[in-house]
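Listed below are the residues making up each chain.
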Amino acid sequence: MNPQISNRIRGDVYQVTAEEKEHFATRGYVHLRGLLTEAEVAELEVVYDRFLRREIEVPGKDYCDMAGDYGRDPADFSIINVMLPRRYHPEWQNNVFERRAASVSTQLCGEGMAIDYDQLLAKQPYKHDAVFAWHQDLAYWPNTPDTRTATLWLAIDDSTLDNGCMRFVPGTVEEAALRPHQPQYGDRGESHALGTELLPDDQVVPVPISRGDVTVHNERVMHGSGGNFTGGFRRAYVLAFRSQATIATERQLGFTHSHNDDREVLDGVGDGVANRGRGQVT
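Let me sum up the structure you'll find in this document.

What counts, and where the lines are drawn
- Residues numbered from 1 in each chain as written.
- Predicted model: local features only at pLDDT ≥ 70, side-chain atom pairs only at ≥ 80, totals over all residues.
- Heavy atoms only, no water.
- Phe/Tyr/Trp six-rings, centres within 6.5 Å; stacked < 30°, edge-to-face > 60°.
- Helix = DSSP H or I, 4+ residues; strand = E, 2+ residues; numbered from the N terminus.
- Buried < 20%, exposed > 50% of the residue type's maximum accessible area, 1.4 Å probe, protein only.
- Lys NZ or Arg CZ within 6 Å of the ring centre and 35° of its normal.
- Polar contact = N/O pair within 3.5 Å; in protein donor to acceptor, adjacent residues only side chain to side chain.
- Contact = heavy atoms within 4.5 Å.
- Salt bridge = Lys/Arg side-chain N within 4 Å of Asp/Glu carboxyl O.
- Pairing = 2+ DSSP bridges.

A few words now on the packing of aromatic side chains. Counting across every chain of the model gives six aromatic pairs. Geometrically, the ring pair formed by Phe-51 and Trp-92 is tilted, given 5.8 Å between the ring centres and 35 degrees between the ring planes. Residue Phe-51 is found in helix α3 (residues 38-52), and its partner Trp-92 is found in the loop between α4 (85-88) and α5 (96-109); the two are separated by 41 residues along the sequence. Where Phe-97 meets Tyr-237, the ring centres are 4.8 Å apart and the plane angle is 70 degrees; that geometry is what we call edge-to-face. One end of the pair, Phe-97, is in helix α5; the other, Tyr-237, is in strand β15 (residues 234-243), with 140 residues separating them in the sequence. For Tyr-237, a relative accessible area of 0% gives the class buried. Directly above the aromatic system of Tyr-63 lies the positively charged group of Arg-54, at a separation of 3.9 Å from the ring centroid.

To continue, consider the side chain of Asn-95. Within the secondary structure layout, Asn-95 lies in the loop between α4 and α5. Its relative accessible area of 9% is what places Asn-95 among the buried residues. At a separation of 2.9 Å, a polar atom in the side chain of Asn-95 contacts the side chain of Tyr-237. For Asn-95, the contacting residues outside a window of four places in its chain are Leu-44 and Tyr-237.

Quick look at the pattern of salt bridges now. By the definition in use, this model includes 20 salt bridges. Between Arg-72 and Asp-65 there is a salt bridge whose closest N-O contact spans 2.4 Å. Where Arg-72 meets Asp-129, a salt bridge forms, and the shortest distance between an N and an O atom there is 3.1 Å. One end of the pair, Arg-72, is in the loop between β4 (63-65) and β5 (79-83); the other, Asp-129, is in the loop between β6 (113-123) and β7 (132-135), and 57 residues separate them in sequence.

Topologically, Arg-251 is positioned in helix α6 (residues 244-252). C-alpha of Arg-251 to C-alpha of Ala-18: the two residues are 233 residues apart in sequence and 34 Å apart in space. With residues near it in sequence (within four places) discarded, Arg-251 still touches Asp-116, Thr-256 and His-257. In this structure the side chain of Arg-251 is engaged in a polar contact, spanning 3.1 Å, whose partner is the backbone oxygen of Phe-255.

Another aspect to go through is the pairing of strand β14 (residues 222-225). Burial of β14 is two-sided: the residues Met-222 and Gly-224 facing one way and the residues His-223 and Ser-225 facing the other way are all buried. Both β7 and β14 contribute to a ladder of two bridges, which runs antiparallel. Considered in β14, the bridge of Phe-132 is made with Ser-225. Bridge analysis of strand β9 (residues 166-169) against β14 gives four bridges, and the strand direction is antiparallel. Residue pairing across strands places Met-166 opposite Ser-225, the latter belonging to β14.

Rendered as structure tokens:
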């Protein structure tokens, strides 16, 4: 690791610079280099791959394909999606990524942030259709007064233009309302994926990152990713931090980010999403 990067790590704290905080605040995302060391990523990778091999049980729709409907055979998945791995493998809770990511979320969003959910996203080799549709995260969630979010996307593999790195549309953070979103593969009972349209004037910024790096994005910036045209996996480990009050409201509504949540709860998050304006921070 570059010494200038390693010097930013002090135990569980990763020091975010003033420039990085400004980038996150104004453009809705930021690339943080070297959040984890090679040894730390390698340790997480052992458990990660156990999920991919299905050695750790994940019930129902929480093991699915984000590039297709729930009816696909797992052998044909393009984007293997594991929701809430920390629920299904409690031994993973409080791992080094969770601890260091917590320090980043506080620096970017303020006090009172906590893990709302976690997720694994693995694009299988040579899956050209492993496309994660353009979306804004708020479209997936219930409306709450405090929308502050820091979603950390950790690269387990180098994430490149060829294997489907993250792409952002920074201008969307300035728009007054969310864009219209629609289910991508039937209704919410058939697939979890929502998507919106890229407009002609949208400026897309691809963000390739290295193993151990993260991108961090907020709740409003539009983002997506392309297919995997390489012979290797593109594995990512996602942690989303939101305010403790927001998490409590979600749970009261029966919303846990599980794809197994009650159908009425999942259907309700999309109501009027096109007209949803900026939430007020409380």
